[in-house]
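# Examining the three-dimensional arrangement
Chain by chain, the residues run as shown.
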Amino acid sequence: MVRRRRLLAVGGAAAVTLLLAACGGGGGSESSNGKQAKIGLIGPKSGAAQFYWTELSRGIELAQPDVKSAFGVTFDLEEADDKGSPEVASRSVQTLLNEENVDAIFGPSQSGPSLQVAETIQRTGRPWLVPIAAADQIIAPNASPNWAFRTNNNNSDAIAVSANYLWAKPDAKVGIFYGADAYGQSNNDLLKAYTKAHGKTIAAGEVVQPGATDVSPAAQRMKNAGVTSVFIAVSTGADNATVVKALKQVGLAPERTLATATTLTGFTALATPADWKNLVFLEPRDLTGGPFTTLVQRYQAKYGKQPTSAVAVFTTYTAAYLYAQAVAKVGDASKHDEVREAMENTGQLKILGQVFDKPFSAKDHELYEADPSSWYTIGFDPQGRTTTVGKVAQG
Amino acid sequence: MIGQLLVGAAIGCLYALIAQGFTLTFRTTGTMNFAVGEFVAIGAFVALGLAGVAWLPAPAKLVVAALLVALLGALVFRFLIRPFLNRGAHDVRWLLVTVALSMLLVDMLRNSQGTQHRPMGFAKADGLLDLGIARLPTQLALMAVVCLALVVAIALLVTRTGLGTRMQAVAEDAETAELVGIDARRTGLISYALGSGAAVIGASLWIAYVGVFPDVGPLLLVSAFAAAVIGGLGSVWGVLAGGLIFGVTDQMMTVWFDATVGSIAGLVAVIAILVVRPAGLFAQRQEVKV
C-alpha cells in the first residue's frame with residue numbers, strides 16, 4: 001500500500017513538473033508569458049548623464065498602465081546601468097540578452113553606448129527600441145532583418161531641417177557655434193556635410209568649450225564675418241545661455257538664431273527674456289500640442305516636477321507603446337521575429353491622440369522624417385515657457 | 001579689444017582667488033587641496049539650497065555657504081591630510097587623498113543632484129556694465145571686484161597681521177615655530193578653512209552666471225593651479241599676477257585665434273614661465289643649508 005502511494009506521489013510530481021515546464025517554455029524561451037514582456041532597460045543610472053536614465057525609466061513607467069489597458073500587455077523590467085560608457089553598455093547588453101534572456105531592449109540613452117551595442121543586438125536578433133539616442137549610424141538601413149526602431153529623430157534629419165531654416169534666404173550668411181564635445185562636433189560635421197552636398201558655405205564656425213564663461217570673442221568674429229543666421233549646437237542650456245549673452249554683448253542681432261533642443265535644459269533659467277526673444281529650435285513634435293503636454297502634465301502629477309528632458313520621456317513612451325502594440329498583435333512577446341515584423345508593419349500608431357500612419361517599412365526604421373513641413377518651430381514666451389511659432393516650412 | 005582684455009582679467013581674478021587657497025596651504029603645510037573645485041561645487045549647492053530662504057540676504061547666504069565649506073576644509077585637513085604630514089617630503093599620500101576625494105565628491109554630487117545646470121537664484125546681476133571704453137557683463141565685473149578684494153585681504157592678512165606672522169613662521173620652519181609656541185597644525189587647519197571658504201564666495205558669483213552644476217571643479221582647478229604656479233607657489237601677491245596672466249592670455253588667444261588655442265595658450269604660458277623662472281614669477285628663492 002505504502003509502495004503504491006509512493007509510486008503515485010512520484011508519478012504526480014513528475015506530471016506537475018512536466019506541466020510547469022510546458023507552461024514556462026513557450027517558444028523555447030523562459031523570458032515571457034504571452035503578453036508579459038521582459039524588457040531590458042539600459043541607460044546611465046549613474047554618471048554624468050544620469051537624467052537620461054531617469055527620463056528613459058519614467059517614460060516606460062508612464063506607458064505601462066496605458067499599454068496594459070489598451071493591449072493587455074505588461075512589462076517586466078530588467079534594469080542595467082551603462083554608466084554612459086560604451087564598454088559598460090556592451091557588457092550589460094550581453095548580460096541582458098544572454099543571461100536575463102529579455103524579449104526586447106530599450107536604450108541605451110546615449111549615442112556612444114548605442115553604437116557600441118548595435119551589432120550585438122542585431123546579431124542576437126531581439127527587438128531593439130532606440131528612444132533617445134540620435135546618431136544616424138545606430139540604425140543600419142541595410143540590415144536585414146533590421147531589429148532597431150528609433151522613436152526619436154536622428155541627427156542628420158535634424159540638421160537637414162535646420163539648414164532649411166537657416167538658409168531660408170538663399171544668400172544668408174550662416175555661422176555655427178558648436179560644442180567641443182561629441183554632440184557639438186557631430187552637429188558641425190553634419191552641417192558641413194550638408195553644405196558640401198547642397199553647394200552652401202558656412203561663413204563662420206566657432207567652437208565652444210563646455211562650461212565656458214565667455215564666448216564673446218567668437219561672437220565678435222561671427223559679427224565680423226557678417227553672419228545673418230546663427231546656429232547654436234551645444235549640449236547644455238547653460239552653454240546656449242552663454243552664447244546668446246555673448247551675441248548681445250558684441251551687438252550681433254542675427255535675423256535668425258537657431259538652437260537645438262538641448263536649449264530646453266535650463267536655458268531660460270540662466271538667460272533673460274531679451275536673450276531668447278529671437279531664439280527658436282526645431283522639433284518634429286509639437287511641444288505645446290495636446291499629446292506632448294498631456295504626457296508632461298502626467299509626469300508632473302506623478303513625479304512632482306517638470307521633466308529635465310520632456311522629449312526623451314515622450315519618445316520613450318512612444319517606443320513602449322509601439323512595442324506593446326506589436327506584442328499584442330503577435331500575442332506572445334517571446335516570438336521575437338514576429339514582434340519585430342509586427343513593428344515594421346505597423347499600420348497606425350496612436351500616441352495620446354497623435355497619429356503616425358505606416359511609420360516604418362523594411363528600409364525605414366525611423367519614426368520621424370526630414371520633411372520640414374512636418375517639423376515645428378518652437379520659441380519661448382516672456383515667461384520662458386515653450387511656445388509653438390509654426391511649422392518650419394512656413395518660414 | 002579692451003572689453004575682451006577686461007573679461008580675461010575678471011576671470012583671472014577668480015583664478016587668483018582659488019590659487020590663493022593653494023598658496024596659503026602650501027605655505028603652511030606643504031600640501032594643496034586638489035578637491036577645491038568640488039568644495040566650490042558643494043558651496044554652490046549649499047547656496048542653491050539657501051536660495052529659498054527669503055529672510056536671509058544674498059551676501060549672508062554666500063557667507064553661510066562659505067563657512068560650511070570652510071568647516072569642510074578644516075575637517076579634511078584634520079582627518080585626511082594631517083595624518084600624512086611630518087613623514088618626509090616624499091610622502092605624497094595627501095595628494096592621492098585629495099585627488100580621490102575630488103573624484104568621490106563629484107560622483108556623489110552628480111548622483112545626488114543630477115548633472116543639469118541650475119540657476120542659483122540670487123547674487124546675479126543682469127546686463128552689461130558700460131565703462132565708456134568697453135562693455136563688460138555686470139556679473140563678471142561684480143565677481144572680479146569681490147575676488148580681487150578677497151585676494152588682497154588674504155594677502156594683507158598674511159603679511160600684516162599676527163596670524164600672518166605665525167603662518168610665515170610655520171612656512172619658513174614649522175619645527176622651530178612649534179618650539180616657540182606656534183601651533184603649526186592649527187595654522188594649517190586655518191589655512192585650509194580660509195582658502196576653501198574664500199574660494200566659495202568668489203566662485204559662487206561666477207556660478208550664479210553660468211549655473212550650479214557638479215562638474216565645476218575641473219573647469220576651475222587647472223586654471224587656478226596654473227595661476228598659482230605662474231605667480232610662484234607660496235607668493236600671496238604672485239597669485240594675483242598669475243591669475244591675471246592666465247586669464248588674459250586665455251581670453252586674448254581666444255580672440256585672436258579660437259577657443260581651442262585659447263584653452264591651451266594659458267598652459268603654454270605656464271610652461272614658458274617655468275622654463276625661465278622655475279619657481280614662478282614671484283616666489284622667493286629658498287636657500288637650504290645642507
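What comes next is a walk through the structure. (Residues numbered from 1 in each chain as written. Chains lettered and ligands numbered in written order. Predicted model: local features only at pLDDT ≥ 70, side-chain atom pairs only at ≥ 80, totals over all residues. Heavy atoms only, no water.)

## Here we look at the pairing of strand 1 (residues 36–43) of chain A
Moving residue by residue along a regular strand, the side chains alternate between the two faces of the sheet. Residues and elements named next belong to chain A. Here is the rule: Each residue gets one of three labels from its accessible area relative to the maximum for its type: buried under 20%, exposed over 50%, partly exposed in between, using a 1.4 Å probe on protein chains only. Strands here are runs of E lasting at least two residues and helices are runs of H or I lasting at least four, both read from the DSSP assignment and numbered beginning at the N terminus. The rule for pairing is simple: two strands pair if DSSP sees at least two bridges between them. Place the viewer so that the strands point away; then a crossover is right-handed whenever the path from the first strand over the helix to the second strand goes clockwise.
The element strand 1 is extensively covered by neighbouring structure, given that seven of its eight residues are classed as buried. Where strand 1 meets strand 2 (residues 74–81), eight bridges bridge the pair, whose relative direction is parallel. Counterpart to Leu 41 in the pairing with strand 2 is Glu 79. For the segment spanning strand 1, helix 2 (residues 50–71) and strand 2, crossover handedness is right-handed. Where strand 1 lies against strand 3 (residues 104–106), three bridges are found, and the strand directions are parallel. Across the sheet, residue Ile 39 finds its bridge partner in strand 3, namely Ala 104.

## Some thoughts on a negative patch on the surface
All names here are of chain B. The following threshold applies: Within the patch definition used here, like charges are joined within 9 Å and nonpolar side chains (Val, Leu, Ile, Met, Phe, Trp, Tyr) within 5 Å, considering only residues with over 30% relative accessible area and no salt bridge. Per-residue accessibility takes into account occlusion by the displayed protein chains alone, with areas from the Shrake-Rupley method and a 1.4 Å probe. Only one rule defines a salt bridge in this text: a Lys or Arg side-chain nitrogen within 4 Å of an Asp or Glu carboxyl oxygen. The positive count covers Lys and Arg only, the negative count covers Asp and Glu only, and His and the chain ends enter neither. Here the site of a charge means NZ on Lys, CZ on Arg, CG on Asp, or CD on Glu.
A contiguous patch of negative charge on the surface is contributed by Glu 172, Asp 173, Glu 175, Glu 178 and Asp 183. Turning to its location among the elements, Glu 175 is positioned in helix 7 (residues 174–179). For Glu 175, a relative accessible area of 67% corresponds to the exposed category.

## Structural notes on the interface of chain B and chain A
Selection rule: Any pair of residues with heavy atoms lying within 4.5 Å of one another is described as a contacting pair. Throughout, the accessible surface (probe 1.4 Å) given up by two parts as they are put together, summed over both, is called the buried area.
At the interface, 31 residues of chain B touch 30 residues of chain A. Roughly 2,400 Å² of surface becomes buried between chain B and chain A when both sides are summed, with 54% attributable to carbon and sulfur atoms. Its largest share of buried area at the contact with chain A, chain B owes to Gln 116, His 117 and Tyr 209 of chain B, together 23% of the area lost on that side. Taken together, the links from chain B to chain A amount to zero salt bridges.

## A word on the pairing of strand 7 (residues 202–208) of chain A
All names here are of chain A. The pairing of strand 6 (residues 174–179) with strand 7 spans six bridges and is parallel. Within strand 7, the position partnered with Tyr 178 by the bridge is Val 207. Read as a crossover between parallel neighbours, the route from strand 6 over helix 6 (residues 182–198) to strand 7 is right-handed.

## Observations concerning the pattern of salt bridges
Applying the stated criterion to the full structure yields 16 salt bridges over all chains. The shortest N-O distance in the salt bridge between Lys 38 of chain A and Glu 100 of chain A comes to 3.6 Å. Of this pair, Lys 38 of chain A sits in strand 1 while Glu 100 of chain A sits in the loop between helix 3 (86–99) and strand 3, and the two are 62 residues apart along the sequence. Take Lys 38 of chain A: its relative accessible area is 14%, and that puts it in the buried class. Exposure remark for Glu 100 of chain A: the relative accessible area of 25% places this residue in the partly exposed category. One salt bridge connects Glu 206 of chain A with Arg 221 of chain A, and the closest N-O pair in it is separated by 2.8 Å. Linking Glu 206 of chain A in strand 7 with Arg 221 of chain A in helix 7 (residues 216–224), this pair joins segments that are 15 residues apart in sequence. For the pair shown, Glu 206 of chain A and Arg 221 of chain A are each scored as buried. In this structure, a network of salt bridges that share partners links the residues Asp 107, Arg 110 and Asp 215 of chain B.

## Quick word on the sheet that holds strand 1 of chain A
Residues and elements named next belong to chain A. Put simply, the rule is: Each axis is a line fitted through C-alpha atoms, and for a helix only the stretch in contact is used; angles between axes span 0 to 180 degrees, taken between their N-to-C directions.
Strands sit in the order 2-1-3-4-5 across an open sheet of five strands; the sheet is parallel. Each edge of the sheet is formed by a strand with only one pairing partner; in this case those strands are strand 2 and strand 5 (148–150). Across the sheet, the mean angle separating the axes of adjacent strands is 25 degrees when strand polarity is ignored. Relative to strand 4 (residues 128–130), strand 3 runs parallel, the two being bridged by two bridges. Within the sheet, the bridge partner assigned to Ile 105 lies in strand 4 and is Trp 128.

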